[in-house]
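What follows is each chain in one-letter form.
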Amino acid sequence: MLRISSAGVLRSYRTGLTRSYAQLAAATQTATDFLAFRSFGANPAAASKSFQLIRSYGKTQNYIDNSKAVTKRLSSAWESAMTLSDSADKIDGTIGEAMNGDQDLASRKLQVSTIRGEMEAMVQNLNTKHVDTFVFAGVNAGEAPFTLDDEYNLYYQGINVDTGLDKDKKPVGLTDDQIAAMTPEDIEAYGQETLKKLSQEKVYVDVGLGMKNNDGTTGSFASSNDINSASAVNVSMPGIQLIGYGKDANDKPLNAISQLRDICKELLQDPIDVDKISDMRNQFHDTCNVIREGISQLDTRVGFAKSNQETLTKTSDSLYEQISDLTTVDPAQAYMDLSYAQYYYNSTLKIGNGILGQSFIDYMN
């Protein structure tokens, strides 16, 4: 005869019931959020790998946001540059009309007024703003880069685009003693070098290309000049790089606005020197080609930014899929497990009804 106490039966049943309830609760939770695990200890290997993937996914999302911002900024610059080029073409047509020998001084004055209006529109385009950034301002992108005085002299960040000197005709960044020690030739060379430096300003944005310095180091970027150009995207297009700056060997201006200023002066002479204006117009054509080259550069950068964004998006989708495979379960499997857990729990309850109904039996033959 084997004696089995009611307390033992009930204790065993209670253990089984608790286990089945826990399984049902877990299956219900999984069928709700589809998580494969909820703590590091539940699956250390998968958790460790998923944390790495999630970190990479977060970085990739930041790179995508950067790429979108880069694309929009460069696209804005490209659109403004195209408008600038269209204005230059329109002005060139007006110059051609004004050079016609049948035009009298009164007619040319009207045409000069039209040209100057287009010049002002060109300067406005050069001050195009995207969000809070002036797209043609180089490094100092928080302020409008270009101003035009009453005599149609163009200034870039307070510096004359022809001479590289400030409005007082002094070199920028030097003390009075330093300026006093310079010859006129030194001042002229200093001004031209200042313009050259401004035209070469770069602003790099990290878009997931492994941004690093020219020496291969990462994490500390003292200057944009130290950054490897192949490891980031340059979003800067200084306006003077687009429309030209400085003077040539014959002391003629190399930027479009100054060239137009001088052409307008010649068109107001009576009579006009057609040959002289024709030479000035040809030089203006050369500067228009510089603008077109700038547009081509911007177009290339926009295309690269868009391509990089598409690549990053594919990478992001792949990382998301890997994270999902590690951290989530198939919904169909989750619902099936829930069904089994519910069946097991209901069966346990049914068994309990039979046990509780015979709670006074304390032995079996």
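Residues numbered from 1 in each chain as written. Predicted model: local features only at pLDDT ≥ 70, side-chain atom pairs only at ≥ 80, totals over all residues. Heavy atoms only, no water.

Draft legend 1. Just the overall build of the protein, in detail. Secondary structure assignment for the protein yields 9 helices and 7 strands. With 365 residues in all, the protein has 36% of them scored as buried. For the protein, restricting intrachain contacts to residue pairs at least 6 apart in sequence, the fraction spanning at least 24 positions comes to 69%. Surface exposure of the protein reaches about 20,700 Å², of which carbon and sulfur atoms provide 51%. (Helix = DSSP H or I, 4+ residues; strand = E, 2+ residues; numbered from the N terminus. Buried < 20%, exposed > 50% of the residue type's maximum accessible area, 1.4 Å probe, protein only. Contact = heavy atoms within 4.5 Å. Areas by Shrake-Rupley, 256 points an atom, 1.4 Å probe, with all protein chains shown as cover.)

Draft legend 2. Representation of the environment of arginine 73 within the structure. By secondary structure assignment, the location of arginine 73 is in helix H2 (residues 44-98). Relative accessible area serves as the criterion here: at 12%, arginine 73 is assigned to the buried category. In this structure, the C-alpha to C-alpha distance between arginine 73 and serine 236, residues 163 residues apart in sequence, is 9.3 Å. Among residues more than four places away in sequence, those in contact with arginine 73 are His130, Thr133, Phe134, Val135, Gly138, Ala141 and Val235.

Draft legend 3. Molecular detail of the confidence of the model for the protein. This prediction gives the protein a mean pLDDT of 86; 84% of its residues lie at or above 70. Counting contacts from residues 359-365, a segment whose pLDDT is below 50, to residues more than four positions away or on other chains yields 11 contacts. (pLDDT = per-residue confidence, 0-100.)

Draft legend 4. Inspection of the environment of valine 131 at higher detail. Mapped onto the elements, valine 131 comes out in the loop between strand E1 (129-130) and strand E2 (133-134). Along the sequence, valine 131 and alanine 69 sit 62 residues apart, while their C-alpha atoms lie 10.0 Å from each other.

Draft legend 5. Fine view of helix H8 (residues 274-327). Taking 1.5 Å as the rise per residue, H8 with 54 residues should run 80 Å; its terminal C-alpha atoms sit 78 Å apart, in good agreement. The opening residue of H8, the one whose side-chain oxygen lies 3.3 Å from the backbone nitrogen of aspartate 275, is aspartate 273. (Expected span 1.5 Å × (residues − 1). Polar contact = N/O pair within 3.5 Å; in protein donor to acceptor, adjacent residues only side chain to side chain.)

Draft legend 6. Expanded view of a nonpolar patch on the surface. A cluster of nonpolar side chains, contributed by Phe40, Phe51 and Ile54, occupies part of the molecular surface with about 300 Å² of accessible area. Tracing the backbone shows isoleucine 54 in helix H2. (Patch = residues over 30% accessible without salt bridge, like charges linked within 9 Å, V, L, I, M, F, W, Y side chains within 5 Å. Salt bridge = Lys/Arg side-chain N within 4 Å of Asp/Glu carboxyl O.)

Draft legend 7. Fine view of the packing of helix H7 (residues 256-267) against H8. In contact at an axis separation of 10 Å, H7 and H8 are set at 165° when each is read in the N-to-C sense. In this view, H7 runs roughly antiparallel relative to H8, as classed from their interaxial angle. Pair H7 / H8 crosses with left-handed handedness. Where H7 abuts H8, its residues Ala256, Gln259, Leu260, Asp262, Ile263, Glu266 and Leu267 lie against Lys276, Ile277, Met280, Arg281, Gln283, Phe284 and Thr287. Of the residues assigned to the contact of H7 with H8, the class counts are 7 nonpolar, 3 polar and 4 charged. (Axes fitted to C-alpha atoms, helices over the stretch in contact; angles between N-to-C directions. Parallel < 35°, antiparallel > 145°, perpendicular 65-115°, else oblique. Left-handed = near helix turned anticlockwise from the far one by under 90°. Nonpolar A, V, L, I, M, F, W, Y, C, P; charged D, E, K, R; others polar.)

Draft legend 8. Spotlight on the sheet that holds strand E4 (residues 154-156). Across the sheet, which stays open at both edges, the 3 strands sit in the order E3-E4-E5 with antiparallel pairing between neighbours. With partners counted over all chains shown, the strands left at the sheet margins are strand E3 (146-148) and strand E5 (159-160), one partner each. Direction of pairing for E3 relative to E4: antiparallel, over a ladder of 3 bridges. Of the residues in E4, the one forming a bridge with phenylalanine 146 is tyrosine 156. (Pairing = 2+ DSSP bridges.)

Draft legend 9. Here's a closer look at the side chain of serine 316. If you trace the backbone, serine 316 turns up in helix H8. Sequence-distant contacts of serine 316, that is, excluding residues within four places in its chain, are made with Tyr57, Thr60, Gln61 and Ile64.

Draft legend 10. Spatial organisation of H7. A rise of 1.5 Å per residue sets the reference length of H7, with its 12 residues, at 16 Å; its end C-alpha atoms lie 16 Å apart and thus fit the reference within 8%. Among the 12 residues of H7, 11 are classified as buried, and the element is accordingly described as predominantly covered. Burial in H7 covers these residues: Ala256, Ile257, Ser258, Gln259, Leu260, Arg261, Asp262, Ile263, Cys264, Glu266 and Leu267. Residues of H7 that are buried make contact with H2, helix H3 (105-126), E3, E4, helix H6 (239-243) and H8. One side-chain oxygen at the N-terminal end of H7 lies 3.1 Å from the backbone nitrogen of isoleucine 257; it belongs to asparagine 255.

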